[in-house]
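The residues making up each chain are set out below.
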Amino acid sequence: MPGGLAALLDDVSVIARAAAASVDDVGVAAGRAGSKAAGVVIDDAAVTPNYVTGITPARELPIIWRITLGSLKNKLLILLPGALILSEFLPAAIIFILMAGGAYLSYEGAEKVIEKLGGEKHGETLEDPIEDPAEFEKKRTAGAIRTDLILSAEIMAITLNEVSAETLVTRALVLALVGAGITFVVYGAVALIVKLDDIGLHLKTKTSAFAQSVGGLLLKAMPKILILLSFVGTIAMLWVGGGIILHGLEELGLHAPADLAHGAQHAVEHATGPLSGVLGWATYAGLSALVGLLLGAVIVFVLHKVLRIGHGDGHDEEAETGH
């Protein structure tokens, strides 16, 4: 996904070069920022199919389109101006916003892990009966756009952090390119994912044995794909959230946690030869995920057991969608 996004942004930057003399740097900066935001993108793509679970097939694509428009509004009309104002007048606050987002992602990931391990579920779940389809659709769409706002804020903060040294115009262009590019990549992928079963059913009606075979494969694969997306989304939340916390602590002068993680990464790289790059990255990502899991578990305990927020009240927006 990061590579495809970088290619998309590079194509768009060719057009943008006519608009500003500094735009030659935009494609490179956007590709770099898009890659940094990849973990949040994976989480976004993994989360969104949950919002159309239980919806009639005819309403799936209209709902995804409404969420896409809401996501563009979140990024371009709300977060982009706010990010630019922040970068101009209070750049020191960016690291704290990043860390707040990292803590949120860690909390979300840890809550999902705890629930999978048999812990208490909070709020409504996907298995609850749908009494009013129209109201259900409205609540689902609104909930998806609210969740997108949080994930989009993290994407924009990561992007802004990557281009903080650029001019105001370049920052604005990169934020707009990354925001729009990620939105269409994510929700385009989501639309394809949620329609795989319909594509499978259509292929099953064909006379070609090959088409029927592919259709049957898609139908069998769909439940596994959704499970895999859920798993990958959880890992991505913990990995990105924990990594942001490690980086933030380092920026604030507390180097020991990040130094330990980097030390383990370098040790693995030295010991694994040709596989050093992959295994070194996996080591740091795994330790970041562990940090995210531990921090998230603490937040879950404080919110649900100490402050009793979202504890059995049936109105937790994130739990409502299974995320």
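Position numbers for residues start from 1 in each chain and track the written sequence from start to end. For this predicted model, a pLDDT threshold of at least 70 governs which residues receive local features, and a threshold of 80 or more governs which side-chain atom pairs are given and counted, while totals over whole chains, interfaces and linings are taken from all residues. Calculation of side-chain values draws on the structure's entire complement of heavy atoms; hydrogens and water are dropped beforehand.

Student: I tried to follow the overall build of the protein chain on my own but got confused; where do I start?
Tutor: The helix and strand inventory of the protein chain stands at twelve helices and zero strands. Numbering goes from the N terminus for both helices and strands, where a helix is a DSSP run of H or I of at least four residues and a strand is a run of E of at least two. When the helices and strands of the protein chain are placed in sequence order, the string is α-α-α-α-α-α-α-α-α-α-α-α. We call a residue buried when its accessible area falls under 20% of the maximum for its residue type, exposed when it is over 50%, and partly exposed in between, using a 1.4 Å probe and counting protein chains only. Put simply, the protein chain has 323 residues, and 43% of those count as buried. In what follows, a contact means two residues having at least one pair of non-hydrogen atoms within 4.5 Å. Here the analysis covers contacts within the protein chain between residues at least 6 apart in sequence; of these, 79% occur between residues at least 24 apart. Only the protein chains shown count as covering a residue, and every accessible area follows the Shrake-Rupley method with a 1.4 Å probe. By element, 70% of the accessible surface of the protein chain is carried by carbon and sulfur atoms, the whole surface being about 15800 Å².

Student: What should I look at first to understand a nonpolar patch on the surface in this one?
Tutor: Two joining distances apply to patches: 9 Å for like charges and 5 Å for nonpolar side chains (Val, Leu, Ile, Met, Phe, Trp, Tyr), and every residue must have over 30% relative accessible area and no salt bridge. Basic side-chain nitrogens of Lys or Arg form a salt bridge, by our definition, when they fall within 4 Å of a carboxyl oxygen of Asp or Glu. A surface patch of nonpolar side chains, amounting to about 550 Å² of accessible area, comprises V298, F301, V302, V306, L307 and I309. Considering the arrangement of structural elements, one finds V298 in helix α11 (residues 276-306).

Student: Sorry, what's going on with helix α8 (residues 196-204) here?
Tutor: Residues spaced three or four apart along an α-helix point in a common direction, a consequence of the helix completing one turn every 3.6 residues. For α8, the complete set of buried residues consists of L196, G200 and L203. Projection of α8 onto a plane perpendicular to its axis shows the buried side chains occupying an angular sector of 65°, all on one side. For α8, the secondary structure elements touched by its buried residues are α7 (168-194) and α9 (209-251). Relevant arc is that of directions from the helix axis to the C-beta atoms, nothing else.

Student: Can you help me understand the side chain of K75 in this one?
Tutor: Structurally, K75 can be placed in helix α4 (residues 57-89). Classification of K75 by relative accessible area gives buried; the value is 0%. The definition of a polar contact used here is a pair of N or O atoms within 3.5 Å, where within protein one atom must be able to donate a hydrogen and the other to accept one, and adjacent residues in sequence count solely through side-chain atom pairs. In terms of polar contacts, K75 uses its side chain to reach the side chain of T183, at 3.1 Å. In this structure K75 touches L80, D148, S152, M156, G179 and T183, once residues within four positions along its chain are discounted.

Student: Explanation requested: the nonpolar core in the structure shown.
Tutor: Residues L98, L105 and L175 are the most contacted members of the largest nonpolar core, which totals 25 residues. Breaking this core down by element, the ones donating at least two residues are α4, α5 (94-116), α6 (133-162) and α9. The element contributing the most residues to this core is α5, with eight residues. Side-chain atoms within 4.5 Å link the members of a nonpolar core, which is a set of buried Ala, Val, Leu, Ile, Met, Phe, Trp, Tyr and Cys residues. The next biggest cluster of nonpolar side chains, apart from the first, holds 14 residues, and it includes I67, A144, V163 and V190.

Student: For this particular structure, what's the right way to read the confidence of the model for the protein chain?
Tutor: Low pLDDT marks regions whose predicted coordinates should not be analysed in detail. As a per-residue measure, pLDDT reflects the predictor's confidence and takes values from 0 up to 100. Within the protein chain, residue pLDDT values average 77, and 73% of them lie at 70 or more. Here helix α12 (residues 317-320) is the element of the protein chain with the lowest mean pLDDT, 42, and helix α10 (residues 256-271) is the one with the highest, 94. A low-confidence stretch, residues 1-5 stays under pLDDT 50, and its non-local contacts, those more than four residues away or across chains, total nine contacts. Residue range residues 312-323 is modelled with pLDDT below 50. Its contacts to residues more than four positions away, or to other chains, number 36 contacts.

Student: What's the story with the packing of α5 against α11 in this structure? I'm lost.
Tutor: What describes two packed helices is the angle between their axes and the distance between those same axes. Two elements in contact, α5 and α11, have axes separated by 7 Å at closest approach and are oriented at 80°. Overall, the two elements α5 and α11 adopt an arrangement that is roughly perpendicular. In this structure, α5 uses A103, S106, Y107, A110, E111, V113 and I114 to contact α11, whose residues at the interface are G292, L293, L295, G296, A297, I299, V300, L303 and H304. Its residues assigned to classes, the contact of α5 with α11 comprises eleven nonpolar, four polar and one charged. An axis is simply a line fitted to the C-alpha atoms; with a helix, the fit covers only the stretch in contact. Between two such axes, the angle follows the N-to-C directions and lies from 0 to 180 degrees. Each angle receives one of four descriptions, namely roughly parallel if under 35 degrees, roughly antiparallel if over 145, roughly perpendicular if within 65 to 115, and oblique otherwise. Under the convention adopted here, Pro, Cys and the residues Ala, Val, Leu, Ile, Met, Phe, Trp and Tyr are nonpolar, Asp, Glu, Lys and Arg are charged, and Gly plus all remaining residues are polar.

Student: I would appreciate a short explanation of α9 in the present structure.
Tutor: Helix length check: α9, at 43 residues, gives a terminal C-alpha distance of 59 Å against a target of 63 Å (1.5 Å per residue), a fit within 8%. Bend at a residue means the angle formed by two fitted axes: the first through the 7 residues ending at that position, the second through the 7 residues beginning there. Where α9 bends most, at A221, the angle is about 40°, and the proline P223 comes one to four residues later. For α9, the capping residue at the N-terminal end is S208, with a side-chain oxygen 3.2 Å from the backbone nitrogen of F210. Two residues or fewer after α9 comes G253, characterised by a positive phi angle close to 105°. Expected helix span is given by 1.5 Å per residue-to-residue step, counting one fewer step than there are residues.

Student: So what exactly am I meant to see when it comes to the environment of A289 here?
Tutor: Residue placement: A289 occurs in helix α11. Note: C-alpha distance between A289 and A110 (179 residues apart in sequence) is 9.8 Å. With residues up to four places along the chain from it excluded, the contact list for A289 reads L238 and W239.

Student: Can you walk me through the packing of aromatic side chains in this structure?
Tutor: Remark: the centre distance and the inter-plane angle together describe each pair of aromatic rings, the angle taken between the planes. What counts as a ring pair is set by centres within 6.5 Å for rings of Phe, Tyr and Trp (its six-membered ring), and what kind of pair is set by the plane angle: stacked under 30 degrees, edge-to-face over 60, tilted for all other angles. All chains considered together, the criterion is met by one aromatic pair. Arranged with centres 5.4 Å apart and planes meeting at 80°, the rings of W239 and W281 form a pair that is edge-to-face. Placement of the pair is W239 in helix α9 and W281 in helix α11, with a sequence separation of 42 residues. The class for W239 is partly exposed, based on a relative accessible area of 24%.

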